[in-house]
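One-letter residues, chain by chain:
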Amino acid sequence: MTDTMTAIEKSAAGVRMEMSDGIALLRLDEPDKSVNTLSAPVIEAMRTILDRLESGEARAAVLLSDKPGVWIAGADIEQFTQFTSAADGERATREGHKLLNRLENLPIPVVAAIDGVALGGGVETALACTYRIAADTEKTRLGLPEVQLGLLPGAGGSQRLPRLVGIRAALDLMLTGKRLDPRRAKKIGLVDEVVPGADLESIAIRIAGELADGKREPRRGNRRGSPLALERLPGVKSFIIRKAREGVMAKTRGLYPAPLRILEVVDRGLDLPVEEALELEPPAFGELSVTPEARSLVHLFFATTGAKSDAGVEGDGKALARDVERLAIVGAGFMGAGIATASAEKGMRVRLKDITPENAAKGLRTAHESLVKRARRRKRPSHEIEALKGRVTATHEYTGFRRTELVVEAVFEDVELKHRVIREVEEAASEETVLGTNTSTIPIATLAEASSRPGNVIGLHFFSPVEKMPLLEIIVTPQTEDWVTATAHAYGKRIGKTPIVVNDAPGFYANRILTPYMAEALLLLEEGVRMEELDRAMKNWGFPVGPITLYDEVGLDVAHKAAAVMREAFGDRMEESSVLDRMVEDDRMGRKNGRGFFTYEDGKKGKPDESVYGLIGDPEPKEVPEADVQERLGLTMVNEAVRCLEDDVLRNPRDGDVGAVLGIGFPPFRGGPFWYVDRTGAEQVVARLRALESRFGRRFSPSARLVEMAEKGETFFEG
Ligand code: 3H9
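Residues numbered from 1 in each chain as written. Predicted model: local features only at pLDDT ≥ 70, side-chain atom pairs only at ≥ 80, totals over all residues. Heavy atoms only, no water.

Peer 1: Please clarify how the site of the ligand should be interpreted in this entry.
Peer 2: The environment of the ligand is made up of 27 residues, and the closest members are Ala75, Gly121, Glu124, Glu146 and Arg179. Here Glu124 contributes a side-chain N or O atom positioned 2.6 Å from an oxygen atom of the ligand. For the ligand, an oxygen atom lies 2.5 Å from a polar atom in the side chain of Glu146. If the ligand stood free it would expose 1000 Å²; the protein chains cover 76% of that surface. Element by element, the count of residues in the shell around the ligand is highest for helix H13 (residues 292-309), at 5 residues. A class-by-class count of the residues in the shell around the ligand yields 14 nonpolar, 8 polar and 5 charged. (Near = heavy atom within 4 Å. Polar contact = N/O pair within 3.5 Å; in protein donor to acceptor, adjacent residues only side chain to side chain. Areas by Shrake-Rupley, 256 points an atom, 1.4 Å probe, with all protein chains shown as cover. Helix = DSSP H or I, 4+ residues; strand = E, 2+ residues; numbered from the N terminus. Nonpolar A, V, L, I, M, F, W, Y, C, P; charged D, E, K, R; others polar.)

Peer 1: What is the right way to look at the domain arrangement of the protein chain in this model?
Peer 2: It is common to give the size of an interface as the accessible area lost on bringing the parts into contact. As far as domains go, the protein chain holds domain 1 (2-289), domain 2 (317-504) and domain 3 (511-579 + 614-648 + 651-712). Centre-to-centre, using C-alpha coordinates, domain 2 lies 31 Å away from domain 3. Taken together, the contact pairs 12 residues of domain 2 with 11 residues of domain 3. Around 990 Å² of area is buried between domain 2 and domain 3 when both sides are counted, 61% of it from carbon and sulfur atoms. On the domain 2 side of the contact with domain 3, Thr441, Ile500 and Val501 bury the most area, a combined 38% of that side's loss. One can count 0 salt bridges joining domain 2 with domain 3. (Domains from an automatic or database assignment. Contact = heavy atoms within 4.5 Å. Buried area = accessible area lost by both parts, 1.4 Å probe. Salt bridge = Lys/Arg side-chain N within 4 Å of Asp/Glu carboxyl O.)

Peer 1: Whenever I open this one, the pattern of salt bridges confuses me. Can you help?
Peer 2: Where charged atoms of side chains with opposite charge meet at close range, the side chains can pair. All told, the structure shown has 61 salt bridges when counted by the stated rule. The partner of Arg688 in a salt bridge is Glu631, with the nearest N and O atoms 2.9 Å apart. Pair noted here: Arg688 is in helix H30 (residues 682-696) and Glu631 is in helix H27 (residues 626-646), with a separation of 57 residues, a long-range link. The class for Glu631 is partly exposed, based on a relative accessible area of 21%. When the shortest N-O distance is used, the salt bridge between Lys712 and Glu708 registers 3.0 Å. Linking Lys712 with Glu708, this pair stays in helix H31 (residues 704-712), spanning 4 residues, or about one helical turn. The exposure class assigned to Lys712 is exposed, which follows from its relative accessible area of 54%. Put simply, Arg16, Glu18, Arg27, Asp66 and Glu201 are held in one network by salt bridges that share partners. (Buried < 20%, exposed > 50% of the residue type's maximum accessible area, 1.4 Å probe, protein only.)

Peer 1: In this structure, what is going on with the packing of aromatic side chains? I would like to understand it.
Peer 2: Between two aromatic rings, the relevant description is the distance of the centres plus the angle of the planes. Applying the stated criterion across every chain yields a total of 14 aromatic pairs. Pairing Phe80 with Phe83 gives two aromatic rings, centres 5.6 Å apart and planes at 45 degrees, and the pair type is tilted. For the pair shown, Phe80 and Phe83 are each scored as buried. Here Trp541 and Tyr676 contribute two aromatic rings whose centre-to-centre distance is 5.8 Å and whose plane-to-plane angle is 65 degrees, an arrangement assigned as edge-to-face. (Phe/Tyr/Trp six-rings, centres within 6.5 Å; stacked < 30°, edge-to-face > 60°.)

Peer 1: Teacher, can you tell me more about the sheet that holds strand E10 (residues 179-180) here?
Peer 2: Working definition: the strands of a sheet are paired by backbone hydrogen bonds and lie parallel or antiparallel to each other. Strands sit in the order E5-E7-E9-E10 across an open sheet of 4 strands; the sheet is mixed. With one partner strand each, in any of the chains shown, strand E5 (70-72) and E10 form the two edges of the open sheet. As judged from the 2 bridges shared by strand E9 (residues 141-143) and E10, these two strands associate in the antiparallel manner. By the bridge assignment for E10, Gly143 is matched with Arg179. (Pairing = 2+ DSSP bridges.)

Peer 1: So what exactly am I meant to see when it comes to the sheet that holds strand E18 (residues 471-476) here?
Peer 2: Spatial ordering of the open sheet is given by E14-E13-E12-E15-E16-E17-E18-E19, a layout of 8 strands whose pairing is mixed. Edge positions in the sheet fall to strand E14 (392-395) and strand E19 (498-503), since each of these pairs with one other strand and no more. Direction aside, the axes of adjacent strands within the sheet are offset by 25 degrees on average. Sheet analysis places strand E16 (residues 434-437) next to strand E17 (residues 457-462), joined by 3 bridges and oriented parallel. Bridge pairing links Gly436 to Ile458 in E17. In the packing of helix H28 (residues 653-664) onto the sheet, contacts are made with E18 and E19, and the angle to E19 comes to roughly 120 degrees. (Axes fitted to C-alpha atoms, helices over the stretch in contact; angles between N-to-C directions.)

Peer 1: Could you clarify how one ought to interpret unusual backbone geometry in this entry?
Peer 2: A negative phi holds for most residues other than glycine; trans holds for most peptide bonds. Here the residue pair Ser464 and Pro465 is connected by a cis peptide bond, since its omega of -5 degrees sits within 30 degrees of zero. Within the secondary structure, Pro465 is located in the loop between E17 and E18. A positive phi is found at Asp602, a non-glycine position, where the angle reads about 50 degrees. The phi angle at Asp648 is positive, at roughly 65 degrees, despite the residue not being glycine. For Asp648, the position within the fold is in the loop between H27 and H28. Residue classification places Asp648 among the exposed residues on the basis of a relative accessible area of 52%.

Peer 1: Explain helix H1 (residues 40-54) to me, please; I cannot follow it from the model alone.
Peer 2: For an α-helix, the turn length of 3.6 residues means that residues three or four places apart are oriented alike. In this model H1 runs 21 Å from its N-terminal to its C-terminal C-alpha over 15 residues, within 8% of the 21 Å that 1.5 Å per residue would give. Val42, Ile43, Ala45, Met46, Ile49, Leu50 and Leu53 are the residues of H1 that are buried. For H1, the angular spread of buried residues about the axis comes to 160 degrees, placing them on one side. With its phi angle positive at about 85 degrees, Gly56 sits one or two positions after the end of H1. (Expected span 1.5 Å × (residues − 1). Arc of directions from axis to C-beta.)

Peer 1: Just checking my understanding: could you explain the side chain of Thr477 for this structure?
Peer 2: As for its placement among the helices and strands, Thr477 is situated in the loop between E18 and helix H20 (482-494). Judged by its relative accessible area of 7%, Thr477 falls in the buried class.

Peer 1: Any chance you could explain the pairing of strand E13 (residues 349-353) here in plain terms?
Peer 2: Every regular strand shows the same layout, with side chains that alternate between the two sheet faces. Strand direction decides the pairing type here: strand E12 (residues 326-330) and E13, joined by 5 bridges, are parallel. If you follow Arg326 over to E13, its bridge partner there is Arg349. Pairing of E13 with E14 involves 4 bridges; the strand directions are parallel. When the bridges of E14 are listed, Val350 appears paired with Val392.

Peer 1: What is the right way to read the environment of Leu144 from this model?
Peer 2: Position of Leu144 relative to the elements: it lies in the loop between E9 and helix H4 (157-165). For Leu144 and Gly121, which are 23 residues apart along the polypeptide, the C-alpha to C-alpha distance reads 7.9 Å. When neighbours within four sequence positions are excluded, Leu144 is seen to be in contact with Gly120, Val123, Glu124, Pro153, Leu161, Leu173, Met174, Gly177 and Lys178.

Structural data, given as structure tokens:
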């Protein structure tokens with residue numbers, strides 16, 4: 001193919017056009033960027049190319065990406081931070097519309113040949129093409145993640161997608177931001193074909209030719225057999241929208257404007273011809289783009305990508321990091337099996353070790369079951385699933401450890417046991433092996449005392465369930481070597497986590513800020529506030545689960561132990577209630593033993609257990625305004641987060657926001673504790689903490705950093 005090709009244009013702006021037998025190959029590759037976006041230079045380059053295609057330079061076109069792993073990652077999110085009014089967002093959207101309308105109305109067929117992620121404006125570009133083919137590669141994913149940025153699809157997606165795949169399937173994508181693998185995208189009709197990655201280009205060219213020659217039907221508009229015709233009937237459509245709205249309200253409690261706006265625009269748009277329906281998008285996008293919710297979510301996007309590219313070391317983390325291809329996990333419990341699953345899925349070979357062959361086999365079974373379930377969901381063929389399973393093996397001895405680049409110790413939270421394991425691992429592994437210890441409370445320096453190579457020891461605080469939770473808290477001691485930190489960071493990223501690197505101190509970051517928040521809930525309980533009121537208040541503030549439910553989920557024995565560690569370290573700032581003592585004395589461990597703050601039947605959570613009140617001294621039921629509960633719990637967490645920065649546990653506020661949101665569910669639309677301080681104003685936060693301090697004592701004393709910021713009118717982030 002290459003010899004018949006003549007490059008007719010080399011564009012500096014990231015879109016190159018080549019001709020092959022009358023078919024224009026448009027290759028996207030934004031210079032100096034790791035992803036392609038619909039940035040201003042790319043849009044400009046596309047305009048020039050559209051001019052040429054409109055004037056009949058080609059009989060068909062294929063849109064490809066030369067960027068590995070990325071087709072188009074959507075609009076350039078950076079530009080949203082510059083919007084000062086709704087009109088800015090509206091204008092940007094109109095530009096996008098103009099471009100994609102021209103693409104859709106070209107007199108020639110255009111094939112979107114998608115290899116890598118197609119997100120947001122990326123999918124919307126594909127929707128304006130005549131035909132869509134996706135490469136069956138690991139990285140290929142299609143989705144409309146605008147809702148996760150507090151936005152709606154603003155380049156035609158809200159109207160073109162439901163018309164292509166039906167209302168229900170379109171809403172499922174738009175309201176969740178989920179990313180479909182190629183096979184699932186084909187199943188709903190978002191792509192027409194899934195082909196092997198190596199053949200994508202040649203098949204796309206062939207199909208483009210066939211479309212141009214009328215040998216193949218273009219698939220504009222509603223696909224055959226689509227449920228849209230039925231779903232569009234007035235009664236059916238309103239039923240679908242009503243159900244979707246109920247789902248949104250149950251999930252978000254109305255705290256996020258974007259999903260509601262998406263529903264409104266889809267609902268109204270479907271009653272209009274598509275040209276008019278498209279007109280609904282720009283004003284809605286513009287308004288959403290300047291809401292505090294969108295600002296916070298966009299902040300979080302950049303905070304997260306920033307944490308992913310910052311290995312927490314002096315110099316180039318990428319250069320220092322060593323590849324992890326073989327790892328071993330000691331402790332084949334639920335956590336160990338989860339780490340094994342996440343690692344095997346990314347191509348690593350994993351040895352799962354436990355003390356007896358039975359325990360090791362049990363962990364292996366758990367890992368295999370999880371691998372199979374997840375691979376089946378992605379519709380992977382059976383030979384691939386077998387190969388995946390083959391990557392995890394079990395052992396009850398330290399065989400095979402010598403060749404590992406990383407060992408993760410995931411045994412019980414017991415210092416003596418962990419010390420023994422560290423010594424044994426060091427005997428078996430090489431001097432080059434990184435030793436990651438998975439703990440949520442024990443200081444890493446304490447664990448490293450047993451090590452003869454403390455420079456290789458690092459904390460890896462995974463969150464449960466490992467396969468789902470997005471955060472990895474990496475804890476370094478003053479002895480941890482930079483290459484070890486860089487390797488752990490690269491490993492975390494490779495298994496799909498967002499790592500934050502923090503310094504060693506009791507509770508590290510996530511558990512440290514969670515402890516006073518949880519303790520405050522128990523103090524309120526002792527004051528007489530009902531369990532369900534406490535949960536409701538914090539869910540209404542934006543947490544995914546309330547604190548009382550969280551206690552039961554985490555395990556009351558675990559929380560009790562952690563609280564003791566924190567109290568020892570921080571004294572009366574982590575004020576104690578006696579509730580946990582009494583619960584543990586009464587053998588209440590939470591969900592795991594079916595006895596906690598809630599009742600359980602066959603493992604299913606029921607109502608709050610009224611007998612708990614008797615256990616804690618029968619406090620007189622008391623009505624505390626919801627806002628007061630939120631203030632006490634929310635501000636105590638925010639204040640503690642700032643102390644973590646003061647104490648050098650955190651390296652910067654960015655990691656604090658990422659850790660709080662991804663690790664413990666701090667409401668994303670508030671952007672994290674540090675963003676929250678900036679949006680509220682340090683002065684205001686200090687005044688509110690002082691008011692609480694005068695009522696409840698020094699556990700609410702504002703941190704020195706906050707006081708200083710209030711005095712100087714400073715913020716954590718610029719702008
Ligand atoms: C949209 O499309 C709106 C339209 O409907 C309407 C428009 C009118 N923009 O995550 P990584 C940067 S809204 C700007 O570490 P990975 C990122 O900041 C958009 N920058 O890599 C980072 O920079 P740095 C909808 C972007 O391989 C670098 O690329 N689209 C964008 O783990 C690498 O990122 C989305 O929401 C962007 N769109 O994951 C997609 N995307 O190295 C959001 C990435 O300086 N993006 N960057 O820190 C993602 O999901 C992931 O970044 C992606 C790559 C899967 C693409």
